[in-house]
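# Fold and geometry: a report
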Amino acid sequence: MTVHIAYSPCPNDTFIFHAWAQGLLPGAPELSVTYADIDVTNRLAADREGPEVMKISYAALPWVLQHYRLLPCGGALGRGCGPLVLTGESHPAVAGGAALSGRTVAVPSERSTAYLLFRLWAAKHVPGGVGNIIVMPFHEIMPALRDGKIDAGLVIHEARFTYASYGLHMVTDLGEWWESDTGLPIPLGAIIARRTVEATGVSSWIQASLVYAWANPDASRTYVMEHAQEMSPDVAKSHIALYVNTFSHNLGEEGYAAVESLLLRAADEGLVPSFDPTLLRS
């Protein structure tokens, strides 16, 4: 038996799945890995063209829940790890969300959790709304902002640790806003499996892979850095520390509550399709 999976080359994913992908779990089925950024897997899941297990944005779940099951492990959900809204202006003439009114903002994906959070936040904090929204690969956003090609950018992943080196400035931390508004952690990336797949077994192997990673933190270093897209070892380590946590092992009641809160609020505001919330747990 081979399990086909798609996840990103980001350190949190490669750290979690290293032991399974490298055959270090006795008795585990072979894992066949496709490395793909999350905007790619969001589209694959919506078109039902990807492998049986995938990492996607939580924001993309309402489009795929009829055919894919949310697994309770392996994803990214936590506190202090939300996306950031950045600008190149250290002292904008208008502060806060008003500084984005009528401006051009780059986002990493139209169906990303980051963009969904941004839309929820902007509806309350950007008078008159933003101007143009353009989609740009996340690794291109900070250079474009530094070079004055865009007015503001929505950034994710390791940008939290590196944006200052580009001379950029934070307008808001959307994770911090979400936590303050709801008291809940922020859902970012989910692991899903086709509803035709026996999900309990897949979940147990993901959890076993993570337990191995925690017990042997240096074992995955080479694998992580091979896929880390020129990231420094220190940034990769910080990335893992931030995005891999107890919710990665099991969402638990608080994790599921955070997912439900985000997606039901978004559905109420017409930002995602209406969906049956019982499908999030079944």
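Presented here is a report on the structure given in the accompanying data block. (Residues numbered from 1 in each chain as written. Predicted model: local features only at pLDDT ≥ 70, side-chain atom pairs only at ≥ 80, totals over all residues. Heavy atoms only, no water.)

### Here's the deal with the nonpolar core
Generally speaking, soluble globular proteins have nonpolar side chains that are buried together. Counting residues in hydrophobic clusters, the biggest one holds 56 residues, and the most contacted among them are L61, L116 and F118. Looking at which element gives the most residues to this core, the answer is helix α4 (residues 113-125), with eight residues. If sequence neighbours within four positions are ignored, L61 has contacts with I56, L70, I192, V259, L263 and L280. If you look at the next biggest cluster of nonpolar residues, it comprises 29 residues, including V3, Y7, A213 and I240. (Core = buried A, V, L, I, M, F, W, Y, C linked by side-chain atoms within 4.5 Å. Buried < 20%, exposed > 50% of the residue type's maximum accessible area, 1.4 Å probe, protein only. Helix = DSSP H or I, 4+ residues; strand = E, 2+ residues; numbered from the N terminus. Contact = heavy atoms within 4.5 Å.)

### Points about unusual backbone geometry
Its identity is not glycine, yet R48 carries a phi of approximately 60°, on the positive side. Exposure remark for R48: the relative accessible area of 46% places this residue in the partly exposed category.

### As for the packing of aromatic side chains
Overall, the coordinates contain five aromatic pairs when judged by the stated rule. Seen in terms of ring centroids, Y115 and F118 are 6.5 Å apart; in terms of plane orientation they differ by 20°. Their pairing is stacked. Within this pair, Y115 and its partner F118 are both found in helix α4, separated by three residues, close to a single helical turn. A relative accessible area of 11% places Y115 in the buried class. Here a set of aromatic residues connected by ring pairs shows up, and it is made of Y7, F17 and Y35. (Phe/Tyr/Trp six-rings, centres within 6.5 Å; stacked < 30°, edge-to-face > 60°.)

### A word on the packing of helix α1 (residues 11-21) against helix α10 (residues 233-243)
Where α1 contacts α10, the axes come no closer than 8 Å and their chain directions differ by 75°. By the angle between their directions, the pair α1 and α10 is classed as roughly perpendicular. In contact with P11, N12 and F15 of α1, α10 contributes A236, H239, I240 and Y243. Classifying every residue of the contact of α1 with α10 gives five nonpolar, two polar and no charged. (Axes fitted to C-alpha atoms, helices over the stretch in contact; angles between N-to-C directions. Parallel < 35°, antiparallel > 145°, perpendicular 65-115°, else oblique. Nonpolar A, V, L, I, M, F, W, Y, C, P; charged D, E, K, R; others polar.)

### Examining the pairing of strand β6 (residues 84-87)
The two faces of the sheet receive side chains in turn, since in a regular strand these alternate between them. Residues L84 and L86 of β6 are buried on one face, and the alternating residues V85 and T87, pointing to the opposite face, are buried as well. In this structure, β6 lies alongside strand β9 (residues 152-155), joined through four bridges in antiparallel fashion. Directly across from L86, in β9, lies its bridge partner G153. By the bridge criterion, four bridges tie β6 to strand β10 (residues 169-173) in an arrangement that is antiparallel. (Pairing = 2+ DSSP bridges.)

### Considering the sheet that holds strand β8 (residues 133-135)
The mixed open sheet is built from five strands, whose spatial order is β8-β7-β9-β6-β10. Single-partner strands in this sheet number two, and they are β8 and β10. For this sheet the average axis-to-axis angle between neighbouring strands, irrespective of direction, equals 25°. For strand β7 (residues 105-107) and β8, the ladder comprises three bridges, and the chain directions are parallel. Paired with V107 across the bridge in β8 is V135.

### A few points about the environment of A21
Secondary-structure assignment places A21 in helix α1. In sequence terms A21 and E179 are 158 residues apart; their C-alpha atoms lie 34 Å from each other. Not counting the four nearest positions on each side in its chain, A21 is found in contact with Y7, L31, V33 and Y223.

### Considerations on the pattern of salt bridges
Following the criterion strictly, the structure yields ten salt bridges and no others. The partner of E254 in a salt bridge is R79, with the nearest N and O atoms 2.7 Å apart. Of this pair, E254 sits in helix α12 (residues 252-268) while R79 sits in the loop between β5 (76-78) and β6; the two residues are 175 residues apart in sequence, bridging distant segments of the chain. Salt bridges sharing common partners tie together R79, E179 and E254. (Salt bridge = Lys/Arg side-chain N within 4 Å of Asp/Glu carboxyl O.)

The values are spatial; any link to function lies outside them.
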